[in-house]
Amino acid sequence: HSVSCPACIVNYSREGICLQSKMTPEIGTEMRFSWTHNDVAHSASGISRWVIGKSSGTLTGCELINSYGYAISGITVNSARRSL
C-alpha cells in the first residue's frame, strides 16, 4: 500500500535527499517525493536508508534511484562522460 504525507527537503546531494516529515518510514521503504516548479510536476524516487526521530518530526535519508538530487534545486545536471 502507499501512504502520502507532506515533507520538506532538508538537504540534497547528487545521490540522495534528506526529508523531514511527521511519518517514520521503515528502512528500505521505497519513497517518492513530488513537487511543482514553474507549473511543471517533478518527482524523485528513492529508498530510505536511515531514519532519525526528532521532536519536530522525523529525518529520513533516501538514496535516489531515478534522478540526481540536484533536480530539487531546478538545476539540470548531465552525467559526465570521459573519453580516452
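Source: prediction; values computed, not measured.

Let us look at the pattern of salt bridges. Tallied over the entire structure, the rule returns two salt bridges. Here Arg14 ties to Glu15 by a salt bridge, and the two come within 3.6 Å at their closest N and O atoms. Look at Glu15 and you get partly exposed, because its relative accessible area is 48%. Of the charged contacts, one joins Arg49 and Glu63 as a salt bridge, the two residues approaching to 2.8 Å between their closest N and O atoms. Pair noted here: Arg49 is in strand β4 (residues 40–54) and Glu63 is in strand β5 (residues 57–64), with a separation of 14 residues, a long-range link.

For Cys62, the position within the fold is in strand β5. Relative accessible area serves as the criterion here: at 6%, Cys62 is assigned to the buried category. A C-alpha to C-alpha distance of 8.4 Å links Cys62 and Ser45, two positions 17 residues apart in sequence. Aside from chain neighbours lying at most four places away, what touches Cys62 is Glu15, Gly16, Ile17, Leu19, Met31, Ile47 and Ser48.

Criteria and cut-off values
- Residues numbered from 1 in each chain as written.
- Predicted model: local features only at pLDDT ≥ 70, side-chain atom pairs only at ≥ 80, totals over all residues.
- Heavy atoms only, no water.
- Salt bridge = Lys/Arg side-chain N within 4 Å of Asp/Glu carboxyl O.
- Buried < 20%, exposed > 50% of the residue type's maximum accessible area, 1.4 Å probe, protein only.
- Helix = DSSP H or I, 4+ residues; strand = E, 2+ residues; numbered from the N terminus.
- Contact = heavy atoms within 4.5 Å.

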